[in-house]
Amino acid sequence: MDQTAMYKLMKSLLPTLDRHLTKGMNGKVGIVGGSKDYTGAPYYAAVASLKSGSDITHIFCSEEAAIPIKCYSPEFIVHPCLYDMEQLDMWLNAVTSVVVGPGLGRDKETQQAVERVLQRVIDNEKMHFVGDADMLWFLSNAEQKERNVQMLWKIGKRAVITPNVVEFGRLAGAWMGEMGEYDIKKQQQIEEVFYSEREGHFGEVDSEHEVVRHVAMLSKSLGNVIVCKKGLVDLISDGTTSYFVAVEGASKRCGGQGDLMSGILGTFSKYAQNIHNPNNALLAVVAASIATRSCAKAAFLKKWIGLTTPDILEEIPGFLAGFYTDDMSKL
Ligand SMILES: NC(=O)C1=CN([C@@H]2O[C@H](COP(=O)(O)OP(=O)(O)OC[C@H]3O[C@@H](n4cnc5c(N)ncnc54)[C@H](O)[C@@H]3O)[C@@H](O)[C@H]2O)[C@@H](O)CC1
Ligand SMILES: Nc1ncnc2c1ncn2[C@@H]1O[C@H](COP(=O)(O)OP(=O)(O)OP(=O)(O)O)[C@@H](O)[C@H]1O
């Protein structure tokens, strides 16, 4: 593992902690998700956003999901306003980044909320957008995709989307036409070889390299939003510059690891401004991927077959505290 490179990256990203901070300065994250069927996914994303540094987390969900989510933890501010546009608009003022998708569901009526959030991110140039899970459905489904992607174009690199293999296939089918002939099996073989040659490492990769070419193409098709394709190796591109993360993760694929990563990204997308590098937004995604995979590995080594996402959430503070060792005396 590139310990020194990882240390440098995380150190440059994470905010300094001192007595002059006030509540909210390290981020206020909004999770847009939580529906009749899914209450775990927004919970995982919300906990991850808090444990990775944000000061406050709001959850915008459906009525049915609100009580269960409130009962999981007193730490979130839960608004059952997914279908109440006035309330949603009002509460969106309270956040610095939004994570849209975990447990959102795919009901047609949800499109209204998706649009409202996208419009808010377009209007507020300081706001960051993370799209995962069901949000990616709204970017690839024939009925809604045109409208939503038009809006995404206006957000550009302030937006990150994090498709898994299946979600990437859907997006490629919807947006890359013939250019994007995308064979999941063949691509996975390419990734296996790439991973075995770079296991434990992360870094830049040529956007024309066969392992990342499709990811860069999808980013271009969506207005240069940052695309992070998750898998054995995470591939991250803004269409021009690309990175890989082949840091070891967990060999148990329990559900919720993607939700957890999207929550970390909700927090880290704001911290990107701390990195003095023109590719700072991409590097914040690289850092979120490294953090997710490292915590997953640490939890896996303790729990093996019994690994669940809460075990990974527990590892986040300890992992990040390691990068504050020089600063602890100042607290
Ligand atoms: N506890 C919870 O509430 C959880 C809720 N979740 C939510 O469930 C909803 C649907 O998400 P899904 O991911 O199931 O939907 P998808 O339609 O994207 O995935 C469908 C199926 O694809 C398969 N698949 C996923 N990743 C794969 C891979 N890398 N290789 C091969 N096959 C793969 C899985 O069998 C999966 O069930 C989302 O809202 C999501 O946020 C999940 O995040 C899991 C945890
Ligand atoms: N085969 C793998 N080996 C190691 N880590 C992996 C592997 N596949 C995915 N990951 C890591 O797990 C995290 C979540 O990716 P995953 O593909 O499980 O997301 P997801 O399917 O969207 O999750 P969710 O269950 O929350 O919907 C990412 O950080 C990714 O790097």
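Each chain has its residues counted from 1, running along the sequence as written. Going through the entries in the order they are written, you letter the chains from A and number the ligands from 1. Residue-level local features of this predicted model are given only where pLDDT is at least 70; pairs of side-chain atoms are given and counted only at 80 or more, and the full residue set underlies all totals for whole chains, interfaces and linings. Neither water nor hydrogens contribute to the side-chain values; these are computed over all heavy atoms in the structure.

If a single non-hydrogen atom of a residue is within 4 Å of a molecule or strand, that residue counts as near it. Around ligand 1, a shell composed of 18 residues is seen, among which A41, G103, D134, R170 and D259 lie nearest. Counting of polar contacts relies on pairs of N or O atoms within 3.5 Å, with two restrictions inside protein: one atom must be capable of donating a hydrogen and the other of accepting it, and residues adjacent in sequence are counted only when both atoms are side-chain atoms. Between ligand 1 and the protein, one listed contact pairs an oxygen atom with a backbone N or O atom of G103 at 2.9 Å. Look at ligand 1: alone it shows 840 Å² of surface, and the protein chains cover 56% of it. Listing elements by their share of the shell around ligand 1, those giving two or more residues are α2 (40-51) and α8 (165-175). Residues are grouped as follows: Ala, Val, Leu, Ile, Met, Phe, Trp, Tyr, Cys and Pro are nonpolar; Asp, Glu, Lys and Arg are charged; every other residue, Gly included, is polar. Its residues assigned to classes, the shell around ligand 1 comprises eight nonpolar, five polar and five charged. Here the Shrake-Rupley method, with its probe set to 1.4 Å, supplies the accessible areas, and only the displayed protein chains count as covering residues. Only runs of H or I of at least four residues qualify as helices and only runs of E of at least two qualify as strands under DSSP, and these elements are numbered from the N terminus.

Let us look at the UniProt feature "binding site: (6S)-NADPHX" (unreviewed entry) in the protein. UniProt positions are given in the numbering used here, feature names are shortened, and annotations may be inferred rather than shown by experiment. Here the UniProt feature "binding site: (6S)-NADPHX" (unreviewed entry) sits at G103, N164, V165, V166, E167, F168, G169, R170 and D259. Exposed residues in this analysis have more than 50% of their type's maximum accessible area, buried residues have under 20%, and partly exposed residues fall in between, with area computed by a 1.4 Å probe over protein chains only. According to the relative accessible area criterion, E167 is buried, its value standing at 11%. Residue contacts are defined here by distance: any two heavy atoms, one from each residue, within 4.5 Å place the two residues in contact. Not counting the four nearest positions on each side in its chain, E167 is found in contact with D132, A133, L136 and T162. Residue F168 is classed as buried on the basis of its relative accessible area of 0%.

Our next topic: the packing of aromatic side chains. Here a pair means two rings of Phe, Tyr or Trp (six-membered ring of Trp) with centres within 6.5 Å. Their orientation is stacked below 30 degrees between planes, edge-to-face above 60, and tilted elsewhere. Per the stated rule, a full pass over the model turns up eight aromatic pairs. Between Y43 and F76 the ring centres are 5.8 Å apart and the planes differ by 75°, which places this aromatic pair in the edge-to-face class. Placement of Y43 in helix α2 and of F76 in the loop between α3 (63-72) and β3 (77-79) is noted, with a sequence separation of 33 residues between them. Taking relative accessible area as the criterion, Y43 reaches 21% and is therefore assigned partly exposed. Joined through ring pairs, the aromatic side chains of Y43, Y44, Y72 and F76 make up one cluster.

Turning to the pattern of salt bridges, a few remarks are in order. In the sections that follow, a salt bridge refers to a side-chain nitrogen of Lys or Arg positioned within 4 Å of a carboxyl oxygen of Asp or Glu. Overall, the coordinates contain 13 salt bridges when judged by the stated rule. Residue D37 is joined to K36 by a salt bridge in which the shortest nitrogen-to-oxygen separation is 3.8 Å. An identical accessibility class is assigned to D37 and K36; each is exposed. Salt-bridge contacts for K230 lead to D132; the nearest nitrogen and oxygen are separated by 3.2 Å. Placement of K230 in the loop between β8 (226-229) and β9 (234-237) and of D132 in the loop between β5 (128-131) and α6 (134-140) is noted, with a sequence separation of 98 residues between them. For K230, a relative accessible area of 13% corresponds to the buried category. Within the structure, one salt-bridge network assembled from shared partners comprises D89, R116 and R120.

Looking now at the environment of Q273. Within the element layout of this structure, Q273 appears in the loop between α11 (257-271) and α12 (280-303). We classify Q273 as exposed; its relative accessible area is 52%. For the pair Q273 and P15, spaced 258 residues apart in the sequence, the C-alpha separation amounts to 9.8 Å.

With 61 residues, the main nonpolar core has M10, L14, I236, F268, I290 and F319 as its most contacted residues. Looking at this core element by element, the count peaks at 13 residues for α12. Beyond its immediate sequence surroundings of up to four residues, I236 is in contact with I226, V227, C228, T241, S242, Y243, V245, L282, V285, V286 and S289. In these notes, a set of buried Ala, Val, Leu, Ile, Met, Phe, Trp, Tyr and Cys residues joined through side-chain atoms within 4.5 Å is what counts as a nonpolar core. By size, the runner-up hydrophobic cluster in this structure holds 52 residues, among which are A159, F194, V211 and A246.

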